[in-house]
Amino acid sequence: MRIGVLAAQGAFVEHIDHLHHLGVEAFPVRLLQELKGIDGLIIPGGESTTISRLMVEYSLTSEIKKLGEQGLPIFGTCAGMILLASEITGGNNLTDKPGTRLDLMDIRVKRNAFGRQRESFETELTIPVLGKKTFPGIFIRAPLIEQVKSGEILARLDNGTIVAAQQGRLLVSAFHPELTDDPRFHHYFLDIAGGHN
Amino acid sequence: MEKTGTWKVKTGLAQMLKGGVIMDIINAEQAKIAQEAGACAVMALERVPSDIRAAGGVARMADLSIIEDIMKAVSIPVMAKCRIGHFVEAQALEATGVDYIDESEVLTPADESNHVWKHDFKVPFVCGCRNLGEALRRIDEGAAMIRTKGEAGTGNIVEAVRHIRAVMSSIQKLVNARQDELMALAKEMGAPMELVETIHQTGKLPVVNFAAGGVATPADAALMMQLGAEGVFVGSGIFKSNNPAVMAKTIVRATTHYQDPKIVAEVSKGLGGAMRGLDIKKIPVDELLATRGW
């Protein structure tokens, strides 16, 4: 299995390390030709505006959107979730404009939803699809999911806030599994990608 | 139970900035240009370093009302500088809600002996270094991100190259050293033994390291990345160039595609003039910024 990790900007090395630990071929994707023949794509955390800019400039947005519509498994963490969402609230910048995001998943996401960096936090999450043991949730200037219009909710905070969801082969989390030592979320994505083809 | 201000969320934000460009800006308008160009964060200042250099006098933390305007204007993280050792400026910046504090040699030091004890803060800090020992002393005090200092406000990359090479070659030295040599090396570089051992084992700094101080072109940025920086700070290089929006955008592209000479060449065309640079050797020794702090 070959998994590409979008490497325009952000924490892509951490995702690649996780995938290597799980014995999967993983490599950075910066240009169009690097998308060829991949079995799955991860869009990492970083600055959504920056990533979006570089994706548009190097013609990645339209191609990834096409691949996603054709069923390519895609996992977006934090900024990656913002880029996959069909609707964004909170803050005004260019990623709100049409054509600057992938717009693949029918969810409404609020950017910087918990506040600024001083409000960034860690908490233990219950994620039923990963088993009974809690999962370390690391939220950094994180977005949240206001509404899942289709697909399923995978995780909530204690107060009910939705922080992870899945729609077919598309997976998103507001938190950063790549910053933890716990491989279960990546494993879950690989199970989705393994069922592809 | 939600825990804020942990080491993981402090270092984690720096991890999210990797592969990106952090740009010095002095008002909301410049912040928007930086965000539009693809900056992964902005550094709010009263004056860019080349103007601080020209103006002389005491350089302090920026006016907090300007910083608030900038925070309202953009959705990317906003950083701001406090003077070395000025923990009350740092407290004020934390209370204002900035996302990262740079305890910076670009401002006039407030304490010639002590840096801020950064573990006391929930907001993360980035600090400058000229070598690995200095980086590890700052990390031990709680810096969650490091940047090599270079010589700010010069548009001259030579000091930035010197500093990133010094850090990277010292890391290699620690990796290659025998266990029984580590204490002597720790003593020689004035670095905490625990962090020296961490580097010996992992082969890398325990926090993200950017390059700063002299980046003025896309090629400068790619050079720093190829030498091992995980991202770049650009100070005067953008808003002192002839066409800031273009310079900002091309430096962002060159930082992402630093290993791709074709793209670096492409974005280096028609930039319209980089900032005028300074020869480091012609700067009086007491006006050098990198030697502030230890």
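Everything quoted here is computed from the prediction, not taken from an experiment.

A. The environment of glycine 273 of chain B, seen in detail. Residues and elements named next belong to chain B. With respect to the helices and strands, glycine 273 occurs in the segment after helix H13 (261-267). The class of glycine 273 is partly exposed, set by a relative accessible area of 31%. Distance from glycine 273 to alanine 216, taken between C-alpha atoms, is 9.8 Å for residues 57 residues apart in sequence. In contact with glycine 273, other than residues within four places in its own chain, are Ser241, Asn242 and Met247.

B. Quick look at the pairing of strand S11 (residues 162-167) of chain A. Residue and element names in this part refer to chain A. With 5 of its 6 residues buried, S11 lies for the most part within the structure. Where strand S10 (residues 152-156) lies against S11, 4 bridges are found, and the strand directions are antiparallel. Looking at the pairing, glutamate 152 lines up with glutamine 166 of S11. As defined by bridge partners, S11 adjoins strand S12 (residues 170-173) across 4 bridges and the pair is classed as antiparallel.

C. Spatial organisation of the confidence of the model for chain B. Put simply, chain B has an average pLDDT of 96, and 100% of its residues get 70 or more. This prediction of the complex comes with two scores: 0.96 for pTM and 0.96 for ipTM.

D. A look at the pairing of strand S4 (residues 78-83) of chain B. Summarising burial for S4 of chain B: 6 of the 6 residues are buried, a large majority. With helix H5 (residues 87-96) of chain B bridging S4 of chain B and its parallel neighbour strand S5 (residues 100-104) of chain B, the resulting β-α-β unit is right-handed.

E. Structural view of the packing of aromatic side chains. Under the definition given, this model contains 11 aromatic pairs over all chains. Ring centres of phenylalanine 121 of chain A and phenylalanine 139 of chain A lie 4.6 Å apart, and the angle between their planes is 10 degrees; this geometry places the pair in the stacked category. Of the two residues, phenylalanine 121 of chain A is situated in strand S7 (residues 121-125) and phenylalanine 139 of chain A in strand S8 (residues 135-139); the sequence distance between them amounts to 18 residues. By relative accessible area, which is 1% here, phenylalanine 139 of chain A ends up buried. A centroid spacing of 5.7 Å and a plane angle of 65 degrees characterise the contact between phenylalanine 210 of chain B and phenylalanine 233 of chain B, whose relative ring orientation is edge-to-face.

F. The arrangement of helix H4 (residues 64-73) of chain B in detail. Considered for burial, the residues of H4 of chain B that qualify are Ile67, Ile70, Met71 and Ala73 of chain B. Each buried residue of H4 of chain B sits inside an arc of 165 degrees when the element is viewed along its axis, so together they form one side.

G. Seen up close, the sheet that holds S8 of chain A. With antiparallel pairing, 3 strands are arranged side by side in an open sheet as S8(A)-S7(A)-S1(B). Because the sheet does not close on itself, it has two edges, and the strands there are S8 of chain A together with strand S1 (3-4) of chain B. Two strands pair when backbone bridges link them, and S7 of chain A and S1 of chain B are joined in this way by 2 bridges, in the antiparallel orientation. Looking at S1 of chain B, one finds that glutamate 122 of chain A is bridged to lysine 3 of chain B.

Reading the values: the criteria
- Residues numbered from 1 in each chain as written.
- Chains lettered and ligands numbered in written order.
- Predicted model: local features only at pLDDT ≥ 70, side-chain atom pairs only at ≥ 80, totals over all residues.
- Heavy atoms only, no water.
- Helix = DSSP H or I, 4+ residues; strand = E, 2+ residues; numbered from the N terminus.
- Buried < 20%, exposed > 50% of the residue type's maximum accessible area, 1.4 Å probe, protein only.
- Contact = heavy atoms within 4.5 Å.
- Pairing = 2+ DSSP bridges.
- pLDDT = per-residue confidence, 0-100.
- Right-handed = clockwise from strand over helix to strand, strands pointing away.
- Phe/Tyr/Trp six-rings, centres within 6.5 Å; stacked < 30°, edge-to-face > 60°.
- Arc of directions from axis to C-beta.

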